[in-house]
Amino acid sequence: ESGEKLHDLHQHQGRVSSAAFSSNGERIVTCAKDGQVLVWDARDLQVLCNLQLEKPALAAALSPDGTVLATVTEGAQTTALWNVEDSSMRKVVEGHTDNVLAVTFTPDGTGLLTTSGDETARLGTLDGKLIRTFQADTPLILPSFDDAGTSLLTCSSKGQAAAHLWDVETGEMQLSFTGHSRS
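Here the structure is a predicted model, which means the values were calculated and not measured.

1. With respect to a nonpolar patch on the surface
Now for step 1: A surface patch of nonpolar side chains, amounting to about 240 Å² of accessible area, comprises Leu 153, Leu 175 and Phe 177.
Now for step 2: Mapped onto the fold, Phe 177 is located in strand β16 (residues 173–178).

2. Thoughts on the nonpolar core
Now for step 1: Membership of the largest hydrophobic core comes to 14 residues, with the highest contact counts inside it found for Val 29, Val 37, Val 39, Leu 51 and Leu 69.
Now for step 2: Of all the elements in the fold, those that place two or more residues in this core are β2 (27–32), β3 (36–41), β4 (47–52), β5 (57–62) and β7 (79–83).
Now for step 3: By residue number, the principal contributor to this core is β5, which donates three residues.
Now for step 4: Residues in contact with Val 37, not counting those within four places in the same chain, are His 12, Val 29, Thr 30, Cys 31, Cys 49, Asn 50, Leu 51, Leu 53, Ala 57, Ala 60, Leu 69 and Thr 71.

3. Examining the pattern of salt bridges
A side chain of one charge can pair with a side chain of the opposite charge if their charged atoms are brought near each other.
Now for step 1: Counted according to the given criterion, the structure contains two salt bridges.
Now for step 2: With a shortest N-O distance of 2.2 Å, Lys 33 and Glu 74 are connected by a salt bridge. In this pair, Lys 33 sits in the loop between β2 and β3 while Glu 74 sits in the loop between β6 (68–73) and β7, placing the two residues 41 residues apart along the sequence.
Now for step 3: Given the relative accessible area of 25%, Lys 33 is considered partly exposed.
Now for step 4: We classify Glu 74 as partly exposed; its relative accessible area is 32%.

Calculation criteria
Residues numbered from 1 in each chain as written. Predicted model: local features only at pLDDT ≥ 70, side-chain atom pairs only at ≥ 80, totals over all residues. Heavy atoms only, no water. Patch = residues over 30% accessible without salt bridge, like charges linked within 9 Å, V, L, I, M, F, W, Y side chains within 5 Å. Areas by Shrake-Rupley, 256 points an atom, 1.4 Å probe, with all protein chains shown as cover. Salt bridge = Lys/Arg side-chain N within 4 Å of Asp/Glu carboxyl O. Helix = DSSP H or I, 4+ residues; strand = E, 2+ residues; numbered from the N terminus. Core = buried A, V, L, I, M, F, W, Y, C linked by side-chain atoms within 4.5 Å. Buried < 20%, exposed > 50% of the residue type's maximum accessible area, 1.4 Å probe, protein only. Contact = heavy atoms within 4.5 Å.

Everything listed here is a matter of coordinates, which is why it stays silent on function.
This is the structure we're talking about:
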């Protein structure tokens, strides 16, 4: 209620590029330009997983239960999936034809959505099988599902400043929210 800062997480040497809670609120993931990705216990702030990637880490996301980590590195057209418990790699998800810009899990944790400079968002299973492609006319960023996983929001990263609402089942854009200006 006070807006008071509770903690600083001081493990990274490079600039932090992404920070997020798991949807159950029990874990935090942070990643940095030095390639370090950390998963923290949100209660006691102990590091549960410490990865050192070869390239700068652009984005990371945790599955809803906090057991699977997805990472995106700068300049990569792939997303890596990791087991949080032992820091082992599960899978490298391919399919984009330009750099991956963002990643998120479906609310039920069974799917992974990536956005890319190739003007698509790709929804797939955790074993890499493509379920649906969402085609836009601009690179997409900031993906977010509704709680039911039936609607998806993305934002344009170039061109007209807009947010897009998608039907997850059909892959069709339902609405484009325009009117924002770039400053």
